[in-house]
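Structural features, examined
What follows is the residue order along each chain.
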Amino acid sequence: MHNITLINGDGIGPEISNAVVEIIKSAGVEINWDVQSAGAKVASEEGDPLPKRVIESIKKNKVALKAPVTTPIGKGFRSVNVRLRKELDLYANVRPCKNIKGIKTPFNNVDLVVVRENTEDVYAGVEEKIDDDTMHSIKIITRKASLRIVEYAFNYAKKMGRKTVWAVSKANICKLTDGLFLECAREVAKKYPEIEYKEILVDALCMQLVQNPSKFDVLVMPNLYGDIVSDLTAGLIGGLGVAQGANIGLECAVFEPVHGSAPDIEGKNLANPTALLICAIQMLNHINEKEKAAKIEKALFKTIEEGKVLTQDLGGSATTTEFRDEIIKNL
Ligand code: NAI
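Not measured: the values here are computed from a predicted model.

Points about the packing of helix α1 (residues 13-26) against helix α11 (residues 320-330)
Closest axis-to-axis distance for the α1/α11 pair is 10 Å, and the angle between their directions is 15 degrees. For the element pair α1 / α11, the angle class is roughly parallel. For the pair α1 and α11, the sense of crossing is right-handed. Seen from α1, the contacting residues are Glu15, Ala19, Glu22, Ile23 and Ser26; seen from α11, they are Thr320, Arg324, Ile327 and Ile328. When the residues that make up the contact of α1 with α11 are grouped by side-chain class, the tally is 4 nonpolar, 2 polar and 3 charged.

Description of the pattern of salt bridges
Tallying each qualifying case throughout the model produces 24 salt bridges. Here the salt bridges do not stand alone but share partners, grouping Asp48, Arg83 and Glu87 into one network.

A closer look at the domain arrangement of the protein chain
Once the domains are mapped, the protein chain shows domain 1 (1-96 + 239-331) and domain 2 (106-236). Summarising the inter-unit geometry, the C-alpha centres of domain 1 and domain 2 are found 25 Å apart. Tallying the contact residues gives 16 residues for domain 1 and 18 residues for domain 2. Between domain 1 and domain 2 the total buried area reaches about 1,500 Å² when both faces are included, carbon and sulfur atoms providing 49% of it. Scanning the region where domain 1 abuts domain 2 turns up 2 salt bridges. Across the pair Asp89 and Arg148 runs a salt bridge, and its minimum N-O distance is 3.1 Å. Where domain 1 packs against domain 2, one counts 9 residue pairs in polar contact (both at pLDDT 80 or more). Those elements giving two or more residues to the side of domain 1 that touches domain 2 turn out to be β4 (92-98), β11 (244-248) and α9 (274-286). If you tally residues by element for the side of domain 1 that touches domain 2, the top one is β4, at 5 residues. Its residues assigned to classes, the side of domain 1 that touches domain 2 comprises 7 nonpolar, 5 polar and 4 charged.

Comments concerning the site of the ligand
Near the ligand lie 20 residues; those nearest to it are Val69, Gly260, Ala262, Asp264 and Asn272. Take Val69: an N or O atom from its main chain is 2.9 Å from an oxygen atom of the ligand. Within the backbone of Ser261, one N or O atom sits 3.0 Å away from an oxygen atom of the ligand. With the chains in place, 66% of the 810 Å² that the ligand exposes on its own is no longer accessible.

The rules we used
- Residues numbered from 1 in each chain as written.
- Predicted model: local features only at pLDDT ≥ 70, side-chain atom pairs only at ≥ 80, totals over all residues.
- Heavy atoms only, no water.
- Axes fitted to C-alpha atoms, helices over the stretch in contact; angles between N-to-C directions.
- Helix = DSSP H or I, 4+ residues; strand = E, 2+ residues; numbered from the N terminus.
- Parallel < 35°, antiparallel > 145°, perpendicular 65-115°, else oblique.
- Left-handed = near helix turned anticlockwise from the far one by under 90°.
- Contact = heavy atoms within 4.5 Å.
- Nonpolar A, V, L, I, M, F, W, Y, C, P; charged D, E, K, R; others polar.
- Salt bridge = Lys/Arg side-chain N within 4 Å of Asp/Glu carboxyl O.
- Domains from an automatic or database assignment.
- Buried area = accessible area lost by both parts, 1.4 Å probe.
- Polar contact = N/O pair within 3.5 Å; in protein donor to acceptor, adjacent residues only side chain to side chain.
- Near = heavy atom within 4 Å.
- Areas by Shrake-Rupley, 256 points an atom, 1.4 Å probe, with all protein chains shown as cover.

Structure (C-alpha cells):
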C-alpha cells in the first residue's frame, strides 16, 4: 500500500483527479490517497492557498499527484506551484515527451525527456533597476545545482534504460555561467560510461527538434532554456492536453500536468484527464509500480488510438466519465 498526497486543485481539478483515482484503482494499484485541497478556493476559506498541512502531508508521504490550481493574475497570492518547488526544494523538472498514437502531430517517433534545473538561473529573481531605461537581471549558475541536476539526468537515464544524455547550453556566449554548467556535466558524465554523453547549443537544439526530434533522448539544461524547450517539445506531441511534468527533489516528488484549471469548463464533465493520467503513470514508475504503469499507459493509448470515445478537446463528444470508463474497459 502506497501513501500518496493528492492535491485535487481548482476548476476541473476535482473532476480529472476523480477520473485518475478510479483508473488507478481499477488497474489494481493500492494507494491510500491523502487528499489535500489547495489553491484559490482554499485561500478564501483558510487564508492561505497552500496551508502548512499540504506541505506536511507531502513531506510525510514523499510523493504527491497535483491537479492544477487557479492563480489570480497580477494580484493576490504567490503561485502555489512556485511555493511548492521552493519549500520542498524540488530541484529537477522532468518532462517526458512521447507520441501518443491517435493524436495527430507532424512526427510519430518522438520519445525524449527534458530535465530542467528548477531553482536558479534568471529565475532566482535577482533583478535591479539601474535607471528608468536600464534594468539588470542576474543569471546565477552554481556548481552545486549544476552537478545535482546533471547527476539526476544520468541517474534517470540509467533507471529508465535510456542511452544518451545531451547537455544543452549557450556556453559559446555565456562562457562563465553556461561554461560552469558544461564543466559540471562533463564531470558527471565520466561517472556513467554506459550512457553516451553529448553536448549541443540551445539554438541548434531548437532547430533540430523541429526537424528531426527522434534523434534526441534525455536533454539536461539550466532553468530558462528548460522552460522554453520543454514547451516546444510538448508542442511536438500534441500540446497542453497531453503535456506532463514532475518536480523532483532529494526527498519529495510532485507530479502535475502542464495545463491550468480550465475554469471555463469547470463542473461540466467535459475535462480531459489525459495529462493528469500521464503524470500519474510517471508517478507510478517513480514508486516502482512499473508493470501497472505500463498497463494503464497501454489502455490510455488504445482508447485514444481507437478514437471511439474521446473528450471534446480531442475531437470527440464523450464526457470525462465516459472517457474514464472506456480506459477502465481497456485495462
Ligand atoms: P488553462 O490551461 O486552464 O486553459 C486553457 C484552455 O484549455 C481553456 O479553454 C481550457 O478549457 C482548455 N483546457 C485546459 N485543460 C484542459 C483539459 N484537461 N481538458 C479540456 N480542456 C482543457 O489555462 P488558463 O485559462 O490560462 O488558466 C486558468 C487558470 O489555471 C489560471 O488561474 C492559471 O493561473 C491556472 N494555471 C495553473 C497551473 C497549475 O496549477 N499547474 C498551470 C497553468 C495555469
